[in-house]
Number of protein chains: 2
Amino acid sequence: MNPTLEIFSQGEEVVTGQIVDTNAAWLSEQAVTMGFTVTRHTAVGDKLDDLIALLREISARADCCICTGGLGPTSDDLTAEAVAKAFGLSLEFDEVAFEQIQRFFAHRNRAMPESNRKQAMFPKGAERIDNDWGTAPGFSLQAGRCWFAFVPGVPMEMRHLFLEFIQPTLASRFLLRPDRLITIRTFGLGESAIQQRIGAIEIPVQVQLGFRAGPDDVQTKLLFPQDYPEAALTALVDKVAAELGDHVFAIGGLGQASGDLVFTVDQLMTAGKHTLAVVETASQGLLAAKCIGADGLLETRYEQSLVRLGQKLGIAVNTDDLPATAQAIASKIHKTGNADFVLVQLYSGDKKTFHDKDQAIILYNTLLTKDGFFQTTGSVAGPIERKQNQAALLALDLLRRNLQHKEL
Amino acid sequence: MNPTLEIFSQGEEVVTGQIVDTNAAWLSEQAVTMGFTVTRHTAVGDKLDDLIALLREISARADCCICTGGLGPTSDDLTAEAVAKAFGLSLEFDEVAFEQIQRFFAHRNRAMPESNRKQAMFPKGAERIDNDWGTAPGFSLQAGRCWFAFVPGVPMEMRHLFLEFIQPTLASRFLLRPDRLITIRTFGLGESAIQQRIGAIEIPVQVQLGFRAGPDDVQTKLLFPQDYPEAALTALVDKVAAELGDHVFAIGGLGQASGDLVFTVDQLMTAGKHTLAVVETASQGLLAAKCIGADGLLETRYEQSLVRLGQKLGIAVNTDDLPATAQAIASKIHKTGNADFVLVQLYSGDKKTFHDKDQAIILYNTLLTKDGFFQTTGSVAGPIERKQNQAALLALDLLRRNLQHKEL
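Residues numbered from 1 in each chain as written. Chains lettered and ligands numbered in written order. Predicted model: local features only at pLDDT ≥ 70, side-chain atom pairs only at ≥ 80, totals over all residues.

## Some thoughts on the overall build of chain A
The criterion, for reference: Only DSSP runs of H or I with at least four residues qualify as helices, and only runs of E with at least two residues qualify as strands; both kinds are numbered from the N terminus onward.
From N to C terminus, chain A includes 14 helices and 17 strands. With respect to the three principal axes, the spread of C-alpha positions in chain A is 75 × 60 × 40 Å.

## A short note on the packing of helix H2 (residues 22-34) of chain A against helix H6 (residues 155-173) of chain A
All names here are of chain A. Counted only if it meets this: A fitted line through C-alpha atoms represents every axis, and for helices the fit uses only the stretch in contact; the resulting angles, taken between N-to-C directions, go from 0 to 180 degrees. These descriptions rest on fixed angle ranges, namely under 35 degrees for roughly parallel, over 145 for roughly antiparallel, 65 to 115 for roughly perpendicular, and the rest for oblique. By convention the crossing between two helices is left-handed if the near helix lies anticlockwise of the far one by an angle smaller than a right angle, and right-handed if it lies clockwise. What counts as a contact is two residues whose backbone-derived C-beta atoms lie within 7 Å of each other.
With their axes 12 Å apart at the nearest point, H2 and H6 run at an angle of 20° to one another. When the axes of H2 and H6 are compared, the pair comes out roughly parallel. The hand of the H2/H6 crossing is right-handed. Here Thr22, Asn23, Trp26, Leu27, Gln30 and Met34 of H2 lie close against H6, whose contacting residues are Pro155, Met158, Arg159, Phe162, Gln167, Leu170 and Ala171.

## Details of the interface of chain A and chain B
Applicable threshold: Side-chain classes follow a simple rule in which Ala, Val, Leu, Ile, Met, Phe, Trp, Tyr, Cys and Pro form the nonpolar group, Asp, Glu, Lys and Arg form the charged group, and the remainder, Gly included, forms the polar group. Following DSSP output, two strands are said to pair if at least two bridges run between them.
Contact residues are listed per partner, giving 59 residues for chain A and 55 residues for chain B. In terms of residue class, the side of chain A that touches chain B is made up of 22 nonpolar, 23 polar and 14 charged. Judged from the five bridges that link them, strand E14 (residues 297-303) of chain A and strand E14 (residues 297-303) of chain B form a sheet pairing that is antiparallel. Within E14 of chain B, the position partnered with Thr300 of chain A by the bridge is Tyr302 of chain B.

## A closer look at the environment of Lys239 of chain B
Note on placement: Lys239 of chain B falls in helix H8 (residues 230-244). As a C-alpha pair, Lys239 of chain B and Leu261 of chain B span 22 residues in sequence and 21 Å in three-dimensional space.

## Some details on the nonpolar core
Across soluble globular proteins, nonpolar side chains show a tendency to be buried alongside one another. Convention followed: Defined on buried residues, the nonpolar core groups Ala, Val, Leu, Ile, Met, Phe, Trp, Tyr and Cys residues joined through C-beta atoms within 7 Å. Exposure criterion: with C-beta atoms placed from backbone coordinates, a residue whose C-beta has 20 or more other C-beta atoms within 10 Å is buried, one with 12 or fewer is exposed, and one in between is partly exposed.
Counting 96 residues, the largest nonpolar core has Cys65 of chain A together with Cys65 of chain B as its most contacted members. Excluding residues within four positions of it along the chain, Cys65 of chain A makes contact with Leu5, Glu6, Phe8, Ile58, Cys146 and Phe148 of chain A. In this structure, Met269, Ala282 and Ala391 of chain A together with Tyr347 of chain B belong to the second largest nonpolar core, which totals 91 residues.

## Side note on the sheet that holds strand E1 (residues 4-10) of chain B
The pairing of strands in a sheet comes from backbone hydrogen bonds and takes either a parallel or an antiparallel form. Strand order in the open sheet formed by twelve strands is E6(A)-E7(A)-E8(A)-E3(A)-E1(A)-E2(A)-E2(B)-E1(B)-E3(B)-E8(B)-E7(B)-E6(B), with mixed pairing between adjacent strands. On the outer flanks of this sheet lie strand E6 (127-129) of chain A together with strand E6 (127-129) of chain B, each paired with one strand and no other. Going from strand to strand, the sheet's axes swing by 20° on average, the running direction of each strand aside.

## What to know about the domain arrangement of chain A
Frequently, the measure chosen for interface size is the accessible area removed from exposure when the parts meet. Residue and element names in this part refer to chain A. Our working rule: Domain limits in this description derive from either an automatic procedure or a database domain assignment.
Along its sequence, chain A is organised into domain 1 (4-173), domain 2 (180-255) and domain 3 (262-405). With centres defined by C-alpha atoms, the gap from domain 2 to domain 3 works out at 30 Å. Across the contact, seven residues belong to domain 2 and seven residues belong to domain 3. Along the lines of polarity and charge, the residues of the side of domain 2 that touches domain 3 split into four nonpolar, one polar and two charged.

## So, the sheet that holds strand E12 (residues 248-252) of chain A
Residue and element names in this part refer to chain A. The strand order across the open sheet built from four strands is E10-E11-E9-E12, with neighbouring strands paired in antiparallel fashion. Looking at the sheet topology across the chains shown, the edges are occupied by strand E10 (208-213) and E12. In this sheet, adjacent strand axes meet at a mean angle of 20° when their direction is disregarded. Summarising the sheet, strand E9 (residues 180-186) and E12 pair through four bridges and their orientation is antiparallel. Paired with Arg185 across the bridge in E12 is Ala250.

## Describing unusual backbone geometry
Residues and elements named next belong to chain B. A positive phi angle, near 50°, is found at Lys273, a position not held by glycine. Within the secondary structure, Lys273 sits in the loop between helix H9 (261-271) and strand E13 (276-280). Look at Gln284: it is not a glycine, yet its phi comes out positive at around 45°. Given 27 C-beta atoms within a 10 Å radius, Gln284 is considered buried.

## Regarding the pairing of E10 of chain A
Side-chain positions along a regular strand alternate between the two faces of the sheet. With six bridges joining them, E10 of chain A and strand E11 (residues 218-224) of chain A adopt antiparallel strand pairing. Bridge pairing in E11 of chain A links Gly210 of chain A to Lys221 of chain A.

## What about the environment of Val265 of chain A?
Residues and elements named next belong to chain A. You can see Val265 is positioned in helix H9 (residues 261-271). Placed 67 residues apart in sequence, Val265 and Lys332 show a C-alpha to C-alpha distance of 24 Å. If we ignore the near neighbours within four places in the chain, the residues touching Val265 are Leu396, Leu399, Arg400 and Leu403.

## Considerations on the packing of H9 of chain A against helix H14 (residues 384-405) of chain A
Residues and elements named next belong to chain A. Between H9 and H14, the shortest axis-to-axis distance is 10 Å and the interhelical angle comes to 40°. Between H9 and H14, the crossing angle belongs to the class labelled oblique. You can see that H9 and H14 cross each other, and the crossing is left-handed. When H9 is examined against H14, the residues Leu261, Val262, Thr264, Val265, Leu268 and Met269 are found in contact with a partner set consisting of Leu393, Leu396, Asp397, Leu399, Arg400, Leu403 and Gln404. Considered class by class, the residues forming the contact of H9 with H14 number nine nonpolar, two polar and two charged.

## Concerning the confidence of the model for chain A
Defined as follows: Looking at any residue, its pLDDT shows the predictor's confidence there, from 0 to 100.
When pLDDT is averaged along chain A, the result is 92, and 99% of the positions lie at 70 or above. Scored as a whole, the predicted complex attains pTM 0.80, and scored at its interfaces, ipTM 0.79.

## Quick word on helix H12 (residues 322-336) of chain B
All names here are of chain B. How we decide: Expected helix span is computed as 1.5 Å times (number of residues minus one). Note that the arc is computed from the directions linking the helix axis to the C-beta atoms.
Taking 1.5 Å as the rise per residue, H12 with 15 residues should run 21 Å; its terminal C-alpha atoms sit 21 Å apart, in good agreement. Among the residues of H12, Leu322, Thr325, Ala326, Ile329, Ala330 and Ile333 are the ones counted as buried. Looking straight down H12, one finds its buried side chains confined to an arc of 135°; they lie on one side. In this fold, the buried residues of H12 make contact with E13, helix H11 (306-313), strand E15 (341-348) and strand E16 (361-369).

Quick look at the structure:
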C-alpha cells in the first residue's frame, strides 16, 4: 500500500473562486509520481475554527499533507496559529527566519514592515523551510499520524520549496515505490487525433495511459510500475512516439532533461551555437518573451502595420503574397543583422478577424537559414490570446523542426 | 448570515492532478456573487466509503452543496450509489432520464451501450436535472440540513446545468443577500506596506478586509453587506484609496469597467487616441505581448545588445549614462516613427545579474510625450521571469501615471 497524502489549500481567494487552485493539481501530480496515493484535496477560507478542525482531521487519517497558503504577514494569514492551536503547541520566534525576512527587504532596499515579524513565528517543534523566493518561510512538523509541510500559496514559491526541500524530505521519510512516468510532448495534434493514432497499440494492463491537453502542447502520459522491464518500457514508448511522428518535440522521464517547446528550441540553439532574429506580428512580442533566458535570441520586432515595416526596412510589401513578402523581410533582416537564423511571422486577416473568436487567421511562418528558406502555414481560431500564443508556438515549432530534423 | 455552500468534486483525475479543478473556482464565484458564503472545497477519488462519509459530513454542516463528477456510465462512477447509501435511500429507475439518454445516442447514430442504463438510476426522492449537452442527467435532493445538486464534471455541461437549473432553484430556495465587493488595485506597494498605510483607518466590523497579492498587482478587497449605506461605502473606499495614493490604478465594483494595469493603460490610451512605440530590454517583448488587443501600440523592438541598437538607430550609446541614452533612443524613435508616446526601457546589470535570482537589476524607464521626458528608476530582484514581468509592468506604470495624473 502506498502512503496516503492530502492537499490542503488555505485562502479566501481559493474558496471564493477568485483564483483557480492550480497548486493542488501540480502537487498531486508530483506526489503520485513519487509513489503516494493522493486521497483528498480540501480548500477552506481564512477561518481559524475551520482550519483547526481540518488539521486535526487530517492528522488522524493521512500519512502526509502538503498545505499551501496562509503564511503571509497579514491578519488573515492564520496557518501558524491554527497549527499551534490544533496540536496544543506554543508559537516560538525563529531568529534565522526573521533574519531571512529582513534580508529579503534589505535586498530590495525596502523597510520591513512590523507585520512581517509574524512570519518568523512557528509552532514549537516545527522545522523551518527556507524560502529564497519570497518573504514567507514555510515549516514542517509531525502531528499524529501525519507529516505536514506548510508552504506559501504563490505558485512559483510553492514549487521551488516543494522541489528543493519537501520532495527530498519525503523521499527519505517514506518508503516509496514510485511508478515511472514517461511524458511524450507533442505540438500540433489534438488529444483525439493522438488517441486515434495510437489506438491500435496494445497497452498492457499494468501501464496507465493518460492525456493532458494544455495551451502549449498535448502530453501523452504512460505510467509504468517501478519493476516494469526497461526493454519493454522503451519499446512501448518508441512505438507510441513513432505514431506521433515529428509532432513529438520532447520525451520526459527517460533520464535526459526535457521541457516545453521553448526549452527544446533553446537546447538545440545552444548546442549549435545559433543566433536568431525574429519579426513578430500576431504574437506581438510573445515569441521573444517566451525565450527569456535563452542566449541565442538577438532581436525581435513587432510592427502593427506591415506597410510601415516595409517602409522602414526599405522593401516592397505585397499583402497578396505574404510568403514572398516574408522572404523579402527575412533577407533584409539577415543582411542588416548578425543572426544566422531569421524567423518571420506574418498573417492574413484584418483586425476584426484577429479579435473575433469565431474567425481564424492564417499564419505564414518563414525561416531563413544558411540552407535557404523554410515556410509553413497554419490556421488558428479562438480568442485573441489563443491566437497570439499559437502564433508564437507555430513559429517556434518551425524553428524546432528545422533544428531537430533539418527538414519540415 | 449568508447560507453556506460547499463544492464537492469527485474523480481520480482531479485528486491525482491529471486535471486542474476549474469547476470549483467557477462554481464558487457564481455562488459568492449570488450571496452564499462558500466554506469549503473537497475533492476525492472514486472510493465509495470516502464518498459516503463526505456526503454525510456535508449534509450536517452546509446549507447547500454542489457536487461535480461521478455520474458517468462506468464502474468508477459511484455518485448515485454513494448518495443512496449515505442517506439510506433506494435507487430507482427513471423512465424519462432513460429516454433522454437513448435519444442522445440515437441523435448521434450510435448504439447505446448497456452500461449507460445505470445513468437513469436515481436515489428515491431525488429530482432529475435534464442534461441536453451530454448523456449524464444530474439530480438534486435535500439531505439533512443540506440541499445537494449533482452534476457532471465536464465543465461545459456543468456550467449549462448550473446556469439553467441550479441557479434559479437556489434563488427561490434560499433568502440571498449578495454582498458588495470593492477591489482596489495597486502597483508598486507590497501587501504589508499596504496594511501599514491603511492600518489607522477604522474598518467597521460588518466590512471584511482582504488582500490578494499577485505577480501583476496587489488587490485590497472590501466586502460590504448588501444594505451598507452607499455614502458610507464610498467614504470608506475613498479613504483607503487616498492612503494608497497614486499606486492605485483601478477600483473595481463601483459600477465602472475596470481590470488590470494593461486594461487601465488601454482605456486611457484609447480615450486620448494615443499611440505608442516601445523599446524593450529586460521585458524582452513581454510588454508588447501584454498589450495584445490594444489598438494604440504601433511597434516594439528588443535588441539584446544596446550598442547594436545604437548603431542601427544611428545614435551614440553611453552605457554609463543610461537615462541620457534612453532619451536619445526615444527622440530618434519619435522622429522616425509616428507614435505620440515613446517608452524606452533600459537596465543596468550584465547577463549574470539578470539570471541570478539573488541579484537585482536597475531599470531606467523613459517616456517621451509632447510635454517632454518623464523618467523613473526601479530595482527588481528575483528569478529571471520575475525581472522580466516587473520590467514590463514598471514601464507600463510610468505610462499609466503620466496618462492618469499628467505627472509622476
